[in-house]
Amino acid sequence: MTSRTAYFFLLPALILYSVFVVLPILQVVGYSFFDWDNGIIGQFVGLNNYSRLGSDGVFWAALGHNAIWVALTLAFPLMAGLLLSAILAERNSSTIRWMAAIYFIPRTIPLVVAGIIWGWIYNPLFGLLNFVLDSVGLGSLAGAWLAESNTALLSLNVVGAWTFFGFCVVIYLAAIQSIDPSLYEAAEIDGAKWWRKFRDITVPLLKNSTLFLGLYAAIEAMRFFDLIWVTTQGGPGYATEVLTTHVYKTFFLVGDFGYAAVLSVVLLAIVLSISSISFWILRSK
Amino acid sequence: MNKFAIRAITIVSTVTAVQAETVVTQWDQFSQSGISAAGPAMDELILTCAPAIDGASILRTIAPSIGIRDSYRLAVSAGKTPDLAYTWPAASVLAGYARVGALAPLDGYYEQYGWDHINDFYRGRNSYEGSLYGVPMEQDLMGVYYNKTLFAEHGISLPTTYAEFQAAAETFKSAGIVPVSFGNRGRWPATNTFSLILGLTAGKAAEEAVLFGDTPWTNDAFKLAAENFQAWANDGYFPRGFNGVGYDEANALFLSGNAAMTITGTWVLQDMIRGATDIDLGVFMLPPMVDGIEAGTMWGEGSQWQLSASASSETQDAAAAYLNCLLGDEAKQIWVQKANTVVIGTTPEELSEWGADPVVQEFFTAGLSTTENNFYDLHTTLPESVTQVLYPELQLLIGGETTADEFLNKMQTSWELAIANGERWRP
């Protein structure tokens, strides 16, 4: 096949990509340089909209919350998924299939539904979590999980981890099963115990999977919206505000399309940067 | 899609046997349940008003109450507004749409149809630079829904002073009953409650001095109002974790008999009356919270009818005739009887004559007795940019995370920015 023929076959996809992805992105970038009044485009204002970023406390708070979300997602679902999949991998194939399916179920639940379910679990009036704590004599630990600034973001991150954890298990399990069993057999002959095998064989050989999951988690964490919107709308106060909720409010509720475009461009730049880094690292391996 | 679903989305009323020449597209928020649960009444009124619009037809789309303002904003941006919309909030947002030329001026129709029942207060809230752009319909009031049985069981009379209200709340709290059911997860309920507290603490004149004058938010009267609201939260008047409780959940808590009172508006009357199967429901007005402040309550229209500037003159004429019918005597009666919705200008005597639910009569008899002293609804008076600061800052204030001074400083900063951007609305 000549390169000209190859481009000919690629052309439809390129046109669709340009029309539905590239052009809208360029449009948003263009909007960010204009003043808007109630949805009607006004004067070209250059970088004026961008200059507001520095003094926008909500933007910086949201960016910080996104960073915390990324860190927590990397810390818990990935580590727990790695450990659990290593344990599971030693069971028989039937157990592995069933357990992996069970762990994966939360991943199949739309985040809006997950938000509603966990909203009920955390509800300060009739929530399951407080009920259980009361029932086992730990009523003093019961709280208004999503209503207090010091617990709201962490409580929501637990939900995020709940939906992501099963995905990590499935990816790691597949990767572990591709490791040559003779490596473990040789280690056993040398007297290595479970932890030593996990640390010196499993973890190093799962580096690429960990890298993929980590970068995927980071990108997902920047795009989070549904879960937060149905549970707290960024509150209480600004405690669970993230970039996506800030964009939504600025665009839909305030109607400040120019500044919403600026926030969108910043969010896009962050996600594209993470994506580029991930492609570069994965390709260099 | 079954017949019911199709009906729920769109209702086309064919007015004459022949095909209609003029179609008025209408967006409204009258659903079957929840806030503004007046959907069946709206359906009936479209049929009732058919003769008034002579050959035109109404193509109705129901938009969720919470989402309609966002949908309308996008429609304005895209130049695809419906001919007629019943959306919220009023005042400053309406003025914004008028400013960019999205809305048709309605002065001619006001004159043609003599909508004199819409008084100067409401006309002001629906005006921009001297012209009218909205037709308010529902009379919204804030009041205290209370459980008559719980009050009787604890020997509490209806509070006529703020001290009596506080004493009642303390009694219920001591008895392990939530004094005031309140849920602010959606962030807007606190805005209504604070509007009422502000009016009853600072008074109407002090509100106008800030909202329409040059007095800053950081004044003593506003500070006292913020402190009063925070004190309710600190003193345990509200259920645990109120910032994480939904508005509907708070209403359900009250209707289940687990709370003595809830403070909200007439917009939820329909649902309250339907849901009050386990309690004996009553209404009273919160007394003034400071000596020298006159009794009153928060007034508003919440939403208003508005006409698209891009609609043809025939369509605008048909829509105005239809609106005139919706505000007429026959329609007012249907609104009251089928939807517990009271059209502006309806008198307590008419409510009695039409056999309105006793709770509706109780609410409006009390609320309409202070017509000269109505307070402003911040939610529908402030520009959206300020409202979006008010929401989280009120959560922080009543959550005990900021002081009244910090709250008012944040409001003043956002207020100054809105004024600088030309977003402030004045009647």
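Everything numeric in this text was worked out from a predicted model, so none of it was measured.

Each helix and strand counted, chain A has 13 helices and two strands in total. Considered along the principal axes of its C-alpha atoms, chain A spans approximately 75 × 70 × 30 Å. Here chain A holds 285 residues, and the buried ones make up 34% of them. Long-range contacts, defined as pairs at least 24 residues apart, comprise 71% of the intrachain contacts of chain A with a sequence gap of at least 6.

A tally of regular secondary structure across chain B gives 20 helices and 13 strands. The C-alpha radius of gyration of chain B comes to 21 Å, within 12% of the 22 Å expected for a compact globule of 427 residues. Here the C-alpha coordinates of chain B stretch approximately 70 × 50 × 40 Å along the principal axes. A total of 427 residues make up chain B; the buried ones form 53% of that total.

What follows covers helix α11 (residues 220-234) of chain B. All names here are of chain B. With 15 residues, α11 ought to run about 21 Å at 1.5 Å a step, and its terminal C-alpha atoms sit 20 Å apart, in line with that. Residues of α11 that are buried: Phe 222, Ala 225, Ala 226, Phe 229 and Trp 232. Projection of α11 onto a plane perpendicular to its axis shows the buried side chains occupying an angular sector of 120°, all on one side. In α11, those exposed residues whose orientation departs by more than 90 degrees from the buried face are Asp 220 and Asn 234. In this structure, the buried residues of α11 make contact with α9 (189-202), α10 (204-211), α19 (384-398) and α20 (404-420). Looking one or two places after α11, you find Gly 236, whose phi comes out positive at around 80°.

This paragraph deals with the interface of chain A and chain B. Taken together, the contact pairs 22 residues of chain A with 26 residues of chain B. Residue contributions to the side of chain A that touches chain B peak at three residues, all from helix α12 (residues 243-253) of chain A. Along the lines of polarity and charge, the residues of the side of chain A that touches chain B split into eleven nonpolar, eight polar and three charged.

For the rest of this paragraph, the subject is the confidence of the model for chain A. On average, residues of chain A score 91 in pLDDT, and 99% of them reach the 70 mark or higher. Element-level pLDDT for chain A is lowest in helix α4 (residues 93-108) of chain A, with a mean of 86, against a maximum mean of 95 in helix α2 (residues 48-51) of chain A.

Among the nonpolar cores identified, the biggest contains 190 residues, and Cys 168 and Tyr 172 of chain A together with Val 180, Ala 319 and Tyr 322 of chain B are the most heavily contacted of them. Residue assignment places this core across two domains, with domain 1 (3-139 + 302-346) and domain 2 (140-299 + 373-420) of chain B each supplying three or more. Ignoring anything within four residues of it in the chain, the contact list for Val 180 of chain B reads Ala 169, Tyr 237, Phe 238, Ala 259, Met 261, Thr 262 and Ile 263 of chain B.

Turning our attention to the domain arrangement of chain B. All names here are of chain B. When the domains of chain B are assigned, the result is domain 1 (3-139 + 302-346) and domain 2 (140-299 + 373-420). Each partner contributes residues to the interface: domain 1 has 19 residues there, and domain 2 has 16 residues. Here the element with the most residues in the side of domain 1 that touches domain 2 is helix α4 (residues 91-99); it accounts for three residues. When grouped by side-chain class, the residues that make up the side of domain 1 that touches domain 2 number eleven nonpolar, seven polar and one charged.

We now examine α20 of chain B. All names here are of chain B. In this model α20 runs 24 Å from its N-terminal to its C-terminal C-alpha over 17 residues, within 8% of the 24 Å that 1.5 Å per residue would give. When α20 is considered as a whole, its buried residues turn out to be Phe 407, Leu 408, Met 411, Ser 414, Trp 415 and Ala 418. Down the axis, α20 shows its buried residues gathered within 130° of arc, on one side only. Every exposed residue of α20 that faces more than 90 degrees away from the buried side is listed here: Asp 405 and Ala 420. Buried residues along α20 sit in contact with α11 and α19. Two residues or fewer after α20 comes Gly 422, characterised by a positive phi angle close to 75°.

Conventions used here
Residues numbered from 1 in each chain as written. Chains lettered and ligands numbered in written order. Predicted model: local features only at pLDDT ≥ 70, side-chain atom pairs only at ≥ 80, totals over all residues. Helix = DSSP H or I, 4+ residues; strand = E, 2+ residues; numbered from the N terminus. Buried ≥ 20, exposed ≤ 12 C-beta atoms within 10 Å, placed from the backbone. Contact = placed C-beta atoms within 7 Å. Rg over C-alpha atoms; globule rule 2.2 N^0.38 Å. Expected span 1.5 Å × (residues − 1). Arc of directions from axis to C-beta. Nonpolar A, V, L, I, M, F, W, Y, C, P; charged D, E, K, R; others polar. pLDDT = per-residue confidence, 0-100. Core = buried A, V, L, I, M, F, W, Y, C linked by C-beta atoms within 7 Å. Domains from an automatic or database assignment.

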